[in-house]
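Residue strings, one per chain:
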Amino acid sequence: MSDEQIKQETGLSREDHENRNQFNELPKGKIKPSPEDKTIWTDDDGRPWKLNAEPNAAYHQPYTVPIAFIRAHLSKFIPGLKVPNLKFISPNADGRYSEIVA
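Residues numbered from 1 in each chain as written. Predicted model: local features only at pLDDT ≥ 70, side-chain atom pairs only at ≥ 80, totals over all residues. Heavy atoms only, no water.

(A) Broad picture of the overall build of the chain. From N to C terminus, the chain includes three helices and five strands. From first element to last, N terminus to C terminus, the chain shows the α and β order α-α-β-β-β-α-β-β. Split into buried and exposed, the 102 residues of the chain put 25% on the buried side. Across the chain, every contact between residues at least 6 apart in sequence was considered, and the portion connecting residues at least 24 apart equals 35%. (Helix = DSSP H or I, 4+ residues; strand = E, 2+ residues; numbered from the N terminus. Buried < 20%, exposed > 50% of the residue type's maximum accessible area, 1.4 Å probe, protein only. Contact = heavy atoms within 4.5 Å.)

As C-alpha cells, this is what we get:
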C-alpha cells in the first residue's frame, strides 16, 4: 500500500505514526489494577489503562523478541516466566491512544 492509501484507511500519515510519541500522555501518579477486571488499571486521576497481553509486550522486554514472545506464552503455564515489562494503552480525548511500558 502507498502512504496515501494507508492514510485514507487509518486516518494517520506515516509522519504522524512515526512521531506518535510526541502526543503520548502519561498516567498521573501510580497505576493500580482494578478489583473488578485485572486487565484494566487506573491512574491516580481515574483514567483507565488497558493491560496488553504479555505476548503483545514482547518487543519491550530485556530479551530478544523471539525469547520474550516464547516466555510470554509459556508464562500462562509457568508463572515464573512472566515478562518483567508490562504494556498499557489508554484512549486520549483527541481519539489517539497513549501507551506506556512499566
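That was the structure; now back to the text.
(B) Fine view of the pattern of salt bridges. Applying the stated criterion across every chain, the model contains four salt bridges. A salt bridge links E25 to R47, with the shortest nitrogen-to-oxygen separation between them at 2.7 Å. You can see E25 sitting in the loop between helix 2 (14-18) and strand 1 (32-33) and its partner R47 sitting in the loop between strand 2 (40-42) and strand 3 (48-51), a full 22 residues away along the chain. Salt-bridge contacts for R96 lead to D94; the nearest nitrogen and oxygen are separated by 3.6 Å. (Salt bridge = Lys/Arg side-chain N within 4 Å of Asp/Glu carboxyl O.)

(C) Inspection of the nonpolar core at higher detail. By size, the foremost hydrophobic cluster in this structure holds six residues: I31, W41, W49, L51, F88 and I100. Residues contacting I100, with those up to four places away along its chain left out, are E25, L26, P27, I31, W49, L86, K87 and F88. (Core = buried A, V, L, I, M, F, W, Y, C linked by side-chain atoms within 4.5 Å.)

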